[in-house]
Amino acid sequence: MAVAVAGVLVAAGAISYAVAEDGGSDTPSAESADAGFARDMAVHHQQAVEMSYIVRDRTKDAEVRRLAYDIAQTQANQRGMLLGWLDLWSLPKVSADPPMTWMDMGDMPSAGEGSLMPGMATNSEMKKLGTLNGKQAEIFYLQLMTDHHQGGIHMAKGCVEKCTVGVEKRLAQGMVDAQQSEIDLMAGMLKERGAKPRS
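Residues numbered from 1 in each chain as written. Predicted model: local features only at pLDDT ≥ 70, side-chain atom pairs only at ≥ 80, totals over all residues. Heavy atoms only, no water.

*Asks:* Can you break down the overall build of the chain residue by residue, with the values?
*Replies:* Assigned secondary structure in the chain consists of six helices and zero strands. Seen in sequence order, the chain has helices and strands lined up from the N terminus as α-α-α-α-α-α. Within the span of the chain, comprising 199 residues, buried residues form 44% of the whole. At a minimum sequence separation of 6, the contacts of the chain that also span at least 24 residues come to 76%. (Helix = DSSP H or I, 4+ residues; strand = E, 2+ residues; numbered from the N terminus. Buried < 20%, exposed > 50% of the residue type's maximum accessible area, 1.4 Å probe, protein only. Contact = heavy atoms within 4.5 Å.)

Here it is as structure tokens:
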């Protein structure tokens, strides 16, 4: 366990160093796409982690539990990178501007009730997930996570287009690729359970 943690810390340090080298002397501003994406995606990822841990307690299905674990670990690690970059750049982790302002979408009304950005579940949906068990929990989780990934891909594509720090753009493109692959996987898992994505 200690070795694994040390490995993650070394990797995170290497990535932070790469960001410092990649960004040169031009540190992103608080209003930049680089900072906006880091702040917003950290929040977006946190909910995915929460959803994944909820469903692992609500089902014994090995396939869903494995997917949920993978998503939780991947997004928690990426969230740590994003927040680490903000620290590296000496930028705040929160902003007075509405979410998505860096994508020129700050004036877009959110779904409210905890759903601050595209794809995010509402507080009611999160609560409902925590009341379901077995197949019902699996289906609802897969539907919520499909929506969540679709919103995340939209944001990550925005960073690929607008961010200036190379390593952050590459991370964003990696998110697009990985989350699209998981959306395809979840569509098959839903079909196996006699269900389909909500949208």
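*Asks:* Tell me about the environment of Glu31, and please be specific about residues and values.
*Replies:* Among the secondary structure elements, Glu31 is positioned in the loop between α1 (2-23) and α2 (33-56). Distance in space between the C-alpha atoms of Glu31 and Asp97 is 9.0 Å, their sequence separation being 66 residues.

*Asks:* Go over the pattern of salt bridges with me, naming the residues and quoting the values.
*Replies:* One pass over the structure, following the stated rule, counts eight salt bridges. With a closest N to O distance of 3.7 Å, Glu192 and Arg193 form a salt bridge. Connected through salt bridges with shared partners, the residues Asp61, Glu63, Glu138, Glu192 and Arg193 form a single ionic network. (Salt bridge = Lys/Arg side-chain N within 4 Å of Asp/Glu carboxyl O.)

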